[in-house]
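Results of the structural survey
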Amino acid sequence: MKKAISECLGTFILVFFGTATAVLGGGIEGIGTTGIALAFGLTIIAAAYSIGTISGAHLNPAVSLGMWVNKRISTMDLLYYIVGQIVGGLIASFALLSILNASGKETTNLGQNAFGDLSAFGALTVEIILTFIFVLVIMTVTSAKKGNAKLAGIVIGLTLTMIHLVGIPLTGTSVNPARSLAPAIFVGGEALSQVWVFIVAPLIGGLLAALVGKYLLDTED
């Protein structure tokens, strides 16, 4: 239960500060792609060196799936982690929505993901690639055989920043079903109809990364 609560708190930090930076900062035209990317990356670093001491700071069902595939967490842990992550994301998006309502600001943008100029297949491909790279780095840097525990949080945070620099102009960057589901639920409409891509693609990317890490990079015992 401590792990589930930690994942809830950590995912709240990730989703709230990441999406709030994008929304309140004026998006790409305001704070810009780099600012938004840094916000998401810095949240990972903050979470990794705080709640990471309890749960490992997955903050992402795709990461937890990869860890489960490579037997680093149990099936029960996987369920607790995913529930905690989804709840944390929902609380974060509700908090942002409440702040926007209280300040009289527009509430149609909660940092939700979208296909943009891409087709569904294009968005799916982009998100699989981005998630694959992200989770592969995580599986390697946290590996007991190949990793570096002291630097893991920084490496993962900077990798997420790098991923966002490419992904923001394309899909807004998901690589995380919990990050995408929450704002889509509150915004509804097109965001909700497209959210399946941002759930399916990260899970596929995470699964592939776990297998490549195990069988090609020899990350597992």
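Residues numbered from 1 in each chain as written. Predicted model: local features only at pLDDT ≥ 70, side-chain atom pairs only at ≥ 80, totals over all residues. Heavy atoms only, no water.

Points about the overall build of the chain
Along the chain, the regular secondary structure elements total ten helices and zero strands. Projected onto its principal axes, the C-alpha coordinates of the chain cover approximately 55 × 35 × 30 Å. Out of the 221 residues belonging to the chain, those deemed buried represent 51%. The contacts in the chain between residues at least 6 apart in sequence include a share of 76% that link residues at least 24 apart. About 9700 Å² of surface is accessible on the chain, with carbon and sulfur atoms providing 71% of the total. Separation of charge centres in the chain, based on 10 positive and 10 negative side chains, amounts to 13 Å. (Helix = DSSP H or I, 4+ residues; strand = E, 2+ residues; numbered from the N terminus. Buried < 20%, exposed > 50% of the residue type's maximum accessible area, 1.4 Å probe, protein only. Contact = heavy atoms within 4.5 Å. Areas by Shrake-Rupley, 256 points an atom, 1.4 Å probe, with all protein chains shown as cover. Lys, Arg positive; Asp, Glu negative; His and termini not counted. Charge placed at Lys NZ, Arg CZ, Asp CG, Glu CD.)

A word on a nonpolar patch on the surface
On the surface, M1, I5, M76, L79 and Y80 cluster together to form a nonpolar patch covering roughly 550 Å² of accessible area. In this fold, Y80 is placed in helix α5 (residues 75–102). The partly exposed category is assigned to Y80, whose relative accessible area is 35%. (Patch = residues over 30% accessible without salt bridge, like charges linked within 9 Å, V, L, I, M, F, W, Y side chains within 5 Å. Salt bridge = Lys/Arg side-chain N within 4 Å of Asp/Glu carboxyl O.)

Examining the UniProt feature "transmembrane region" (unreviewed entry) in the chain
UniProt's feature table lists "transmembrane region" (unreviewed entry) at residues 35–57, 78–100, 120–139, 151–175 and 195–217, given in the numbering used throughout. The distance separating the terminal C-alpha atoms of residues 78–100 is 33 Å; by composition the span is 100% helix and 0% strand. For residues 195–217, the helix share is 83%, the strand share is 0%, and the end-to-end C-alpha distance is 32 Å. (UniProt positions renumbered as here; feature names shortened; annotations may be inferred.)

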